[in-house]
Amino acid sequence: MARHSLPTVVAIDGPAGSGKSSVSRAIARRLGFAYLDTGAAYRALAWLALDRHTDSSQADAVTALLKDFDYAIGTDPDEYFVTVGQTDVTDAIRSPEVSAAVSAVARVPEVRRALTDLFRSIAENVDRPGVVVEGRDITTIVAPEAEVRILLTASEEARMARRSAEITTQSAQTVAEQLRSRDRADSQVVDFMSAADGVITVDSTHLDFEQTIEAVIDVYHTRMKQALNE
Ligand SMILES: Nc1ncnc2c1ncn2[C@@H]1O[C@H](COP(=O)(O)OP(=O)(O)O)[C@@H](O)[C@H]1O
Ligand SMILES: Nc1ccn([C@@H]2O[C@H](COP(=O)(O)OP(=O)(O)O)[C@@H](O)[C@H]2O)c(=O)n1
């Protein structure tokens, strides 16, 4: 039986507020690729923990949630949604409560293993020629063999300013503190502050949104050309 060829994978990692989601979605649109936001799954599991009044610092209790974690995500960059069972949690997973609980959930090794398997399976089965997958450990753990691997960074100042412009329900100072503490907790589990071997860094500190998209697309074309000649 002829096996369909696997989609081209563009893997993008980086800290909170570096532009991963918005830039990944935009480049997926331009390339005609699917878009996979992996942070949404960690957030959805943290949402489930809160919904069930599960203490997210209890690794066993969080692991137990995996058995009925009925998760779905839209990978069409123009039709993004996240559901758990019958509940649409697209907006709920962005709440400050979920953001505060998510790092504890993401620290549990069984959770990381299960979600990594899930991401690989979703990425392999998209109905597009390629997929842009973004998160913290995509270039290193989820898809180390990806054709294009990028670390998207920006100075802490730029990241905090971008995120606080988005979140109007909390003070800029609160948003910055929460982001900094989440990055600190997350970086104890995976290193997304420095590029692994073969991973290209795109620093968007002094680039606007459009320039960042262009810089990422340039890396994509360069890597694909190199791959043809290898
Ligand atoms: N290069 C850039 N210049 C200015 N704003 C940007 C840039 N890249 C992203 N943004 C904006 O910054 C905010 C955070 O981006 P987002 O994609 O949510 O980051 P991440 O997914 O890495 O947390 C969004 O409002 C986005 O539109
Ligand atoms: N590949 C990934 C993606 C996200 N995460 C976790 O999920 C959380 C939410 O990810 P996100 O991409 O939605 O975060 P931001 O876009 O808010 O930075 C992170 O703070 C990490 O704890 C992870 O551990 N590994």
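Everything quoted here is computed from the prediction, not taken from an experiment.

Draft legend 1. Region of interest: the site of ligand 1. Around ligand 1, 16 residues are found, and the nearest of them are K20, S21, S22, R163 and T212. In the environment of ligand 1, an oxygen atom lies 2.8 Å from a nitrogen or oxygen atom belonging to the side chain of K20. Here ligand 1 has 560 Å² of accessible area as a free molecule, and 80% of this is covered by the chains.

Draft legend 2. Representation of helix α4 (residues 96-106). Most of α4 is tucked away, with eight of its eleven residues classed as buried. Inspection of α4 places V98, S99, A101, V102, S103, A104, V105 and A106 among the buried residues, and these make up the whole buried set. Among the structural elements, α2 (39-51), α3 (59-65), α5 (109-124) and α8 (172-187) are those in contact with the buried residues of α4.

Draft legend 3. Local environment of the packing of α4 against α8. Two elements in contact, α4 and α8, have axes separated by 9 Å at closest approach and are oriented at 15°. One element, α4, and the other, α8, form an angle in the roughly parallel class. Viewed along their axes, α4 and α8 form a crossing whose handedness is left-handed. Note on element contacts: α8 touches α4 through R182, A185 and D186, opposite S99, V102 and S103. Considered class by class, the residues forming the contact of α4 with α8 number two nonpolar, two polar and two charged.

The rules behind these values
- In this numbering scheme, every chain counts its residues from 1 along its sequence in written order.
- Numbering of ligands from 1 and lettering of chains from A proceed in the order in which they are written.
- Confidence filtering applies because this is a predicted model: local features only for residues at pLDDT of at least 70, side-chain atom pairs given and counted only at 80 or more, and all residues used for totals across whole chains, interfaces and linings.
- Each side-chain value is derived from all of the structure's non-hydrogen atoms; neither hydrogens nor water enter the calculation.
- To be near a molecule or strand, a residue needs just one of its heavy atoms within 4 Å of it.
- Under this definition, polar contacts are N or O atom pairs within 3.5 Å; protein pairs additionally need one hydrogen-donor-capable and one acceptor-capable atom, and for neighbouring residues in sequence, both atoms have to be side-chain atoms.
- Surface accessibility follows the Shrake-Rupley procedure with a 1.4 Å probe radius. Residue values consider only the protein chains on display as shielding.
- Only protein chains enter the accessibility calculation, which uses a 1.4 Å probe; a residue is then buried when its area is under 20% of its type maximum, exposed when over 50%, and partly exposed in between.
- Here a strand is any run of E in DSSP of at least two residues, a helix any run of H or I of at least four, and the numbering for each starts at the N terminus.
- Residue contacts are counted whenever heavy atoms from the two residues lie within 4.5 Å of one another.
- Between the N-to-C directions of two axes lies an angle of 0 to 180 degrees, each axis being a line fitted to C-alpha atoms and, for a helix, fitted only over the stretch in contact.
- For classification purposes, angles smaller than 35 degrees are called roughly parallel, those larger than 145 roughly antiparallel, those between 65 and 115 roughly perpendicular, and all remaining angles oblique.
- By definition, turning the near helix anticlockwise from the far helix through less than a right angle yields a left-handed crossing, and turning it clockwise yields a right-handed one.
- Throughout, the ten residues Ala, Val, Leu, Ile, Met, Phe, Trp, Tyr, Cys and Pro are labelled nonpolar, Asp, Glu, Lys and Arg are labelled charged, and all others, Gly among them, are labelled polar.

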